[in-house]
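One letter stands for each residue in the lines below.
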Amino acid sequence: MSVRMRIVGFCCNYCGYASADLAGLNHMEYSPDVMIIRLPCSGRVDVLHILRAFREGADAVFVAGCLEGNCNYEYGNIEAKKRVEYTKRILSEIGIGGERVEMFNVASNMAWKFKEIVDEMVSRVEKIGPSPLKKVTA
Amino acid sequence: MIIAEQKPLKEIIKNLEGHRKILVAGCRSCVAICLAGGEKEVGIIAESLRLYSDMHDHLWEVDEITVERQCEKEWVKEIKKIVEGKDAILSMACGVGAQVMQEIYPDIRVVPGLNTSNMGAPEEQGIWREKCAGCGDCVLHLTGGICPIARCSKSLLNGPCGGSQNGRCEVNPETTPCAWDQIYHSLKRLGKLELMEQIIPPKNWITSHSGGPRRIVKQEAILTAEEKAAKGGLE
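Cut-off values and rules
Residues numbered from 1 in each chain as written. Chains lettered and ligands numbered in written order. Predicted model: local features only at pLDDT ≥ 70, side-chain atom pairs only at ≥ 80, totals over all residues. Heavy atoms only, no water. Core = buried A, V, L, I, M, F, W, Y, C linked by side-chain atoms within 4.5 Å. Buried < 20%, exposed > 50% of the residue type's maximum accessible area, 1.4 Å probe, protein only. Helix = DSSP H or I, 4+ residues; strand = E, 2+ residues; numbered from the N terminus. Contact = heavy atoms within 4.5 Å. Arc of directions from axis to C-beta. Phe/Tyr/Trp six-rings, centres within 6.5 Å; stacked < 30°, edge-to-face > 60°. Polar contact = N/O pair within 3.5 Å; in protein donor to acceptor, adjacent residues only side chain to side chain. Buried area = accessible area lost by both parts, 1.4 Å probe. Salt bridge = Lys/Arg side-chain N within 4 Å of Asp/Glu carboxyl O.

**Q** I keep staring at the nonpolar core and nothing clicks. Help me out?
**A** Generally speaking, a soluble globular protein has its nonpolar side chains buried in company with each other. Counting 49 residues, the largest nonpolar core has I50 and V61 of chain A together with L16, V24, L49 and L90 of chain B as its most contacted members. It is helix α3 (residues 39-56) of chain B that provides the largest number of residues to this core, a total of eight residues. Not counting the four nearest positions on each side in its chain, L90 of chain B is found in contact with I12, L16, L23, V24, A25, I45, L49, V111, P112 and G113 of chain B. Of all hydrophobic cores here, the second largest spans 21 residues; its members include M5, C12, F62 and C66 of chain A.

**Q** Before we go on, may I ask you to explain helix α1 (residues 16-25) of chain A in this structure?
**A** Residues and elements named next belong to chain A. Listed in full, the buried residues belonging to α1 are G16, S19, A20 and A23. All buried residues of α1 project into a common sector of 100° when viewed along the axis, lining one side. Check the buried side of α1 and you find it contacts β1 (7-12), β2 (34-39), β3 (60-66), β4 (101-106) and α4 (111-128). In the stretch just after α1, H27 is the one whose phi turns positive, near 55°.

**Q** Whenever I open this one, the packing of aromatic side chains confuses me. Can you help?
**A** All names here are of chain A. Within this structure, the stated rule accounts for five aromatic pairs over all chains. Seen from their ring centres, F62 and F114 are 6.2 Å apart, and the 70° between their planes marks the pair as edge-to-face. A residue pair is termed long-range when its members are at least 10 positions apart, and F62 in strand β3 and F114 in helix α4 qualify at 52 residues. F62 gets classed as buried once you look at its relative accessible area, which sits at 0%. Residue F114 is classed as buried on the basis of its relative accessible area, which comes to 0%.

**Q** Looking at this model, I keep getting lost on the side chain of S53 of chain B. Mind explaining?
**A** Note that S53 of chain B resides in helix α3. A distance of 3.3 Å separates a polar side-chain atom of S53 of chain B from the backbone nitrogen of L59 of chain B.

**Q** How should I be thinking about unusual backbone geometry in this particular structure?
**A** Excluding glycine, most residues fall at negative phi; most peptide bonds, likewise, are trans. Of note, E74 of chain A is a non-glycine position whose phi angle comes to about 70°, a positive value. Tracing the sequence through the fold places E74 of chain A in the loop between β3 and α3 (76-94). Given a relative accessible area of 62%, E74 of chain A falls into the exposed group. Non-glycine residue N166 of chain B carries a positive phi angle of around 55°.

**Q** So what exactly am I meant to see when it comes to the interface of chain B and chain A here?
**A** Opposite the 16 residues of chain B that make contact, chain A presents 17 residues. Overall, the association of chain B and chain A removes approximately 1500 Å² of surface from exposure, summing both partners, and the carbon and sulfur fraction of that is 62%. Counting the surface chain B buries against chain A, the share from its top three residues, E47, L51 and M55 of chain B, is 41%. The interface formed by chain B and chain A includes four salt bridges. Between D46 of chain A and K40 of chain B there is a salt bridge; the shortest N-O distance is 3.1 Å. At the junction of chain B with chain A, the criterion picks out five residue pairs in polar contact (both at pLDDT 80 or more). Mapped onto the side of chain B that touches chain A, the elements with two or more residues apiece are α1 (9-15) and α3 of chain B.

Written as structure tokens, this is what we have:
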């Protein structure tokens with residue numbers, strides 16, 4: 001990659017973060033431009049957190065929670081999914097684009113899936129370009 | 001409670017064009033309960049506006065505050081320090097709150113952030129339904145507690161129209177039950193079916209909005225000049 005990008009990943013402790021950890025243990029390579037934020041539960045992610053991430057310079061944001069039906073906190077991942085959908089609508093209306101934010105579900109042993117998630121977000125940013133909030137300086 | 005919903009973000013942004021120092025003012029009462037203008041929604045709207053401003057070099061300065069009730073002057077006056085210096089207030093209260101806000105701060109433009117809809121109650125989380133039309137002459141004692149003015153699509157007073165079928169309203173069978181079907185079952189359950197044989201005369205709409213903006217006076221509650229002085233200017 002020629003240009004550094006910034007991708008923020010909100011990962012729940014039990015599955016999202018655990019799968020990222022396992023990816024590291026297995027020496028799976030993925031972009032170093034991801035900043036992982038570890039949370040007890042993906043349900044803790046608020047619309048405000050995602051919007052703030054974009055204001056602080058994120059090109060894309062993803063939320064990695066437990067598989068549906070298997071949330072360590074029962075339905076925190078369902079809550080997160082709804083908030084991500086709502087945030088997509090807000091970002092579309094603002095003009096940043098709803099495709100820059102996404103919700104994923106992983107299990108703690110799905111290291112390959114975590115790598116896939118990061119690769120997916122990286123390729124999205126490469127395709128649609130950096131966040132429109134970033135000013136191009138000569 | 002008053003039921004309202006947020007205006008589309010594009011519309012809010014359009015209404016705020018030309019301003020720079022914006023205060024997003026929420027209300028902790030009815031609109032917080034219908035998830036339209038409480039603290040959380042204020043935070044999200046404010047952050048969305050900041051994002052939009054950053055993207056388009058609008059240089060908006062967006063502050064936020066949530067008032068206990070925007071429909072009462074005392075609560076609105078309490079945020080005077082925060083309001084000073086702003087050139088627009090985005091009111092996330094109902095239409096009443098937005099007007100009181102404008103009344104108290106006449107030199108700052110107040111922009112509504114919500115579309116106020118009706119007087120109703122939550123049916124379940126995320127769904128609200130109108131229950132009262134504020135007609136000013138209540139007949140709930142004759143209809144088993146179900147308002148025919150607000151809950152009948154045609155506001156009929158003496159039984160259902162010919163179009164209602166299977167207990168559903170013909171105007172919108174999927175979402176609206178027939179009010180008179182519900183009234184019948186309610187009166188039957190209460191053992192008061194004879195009330196349905198009582199003919200309700202044509203409604204006097206003067207107590208409703210047809211008489212113009214309404215005013216209610218409770219003489220014994222009005223403060224005398226001495227009482228006002230003793231209460232230190234409280235209105």
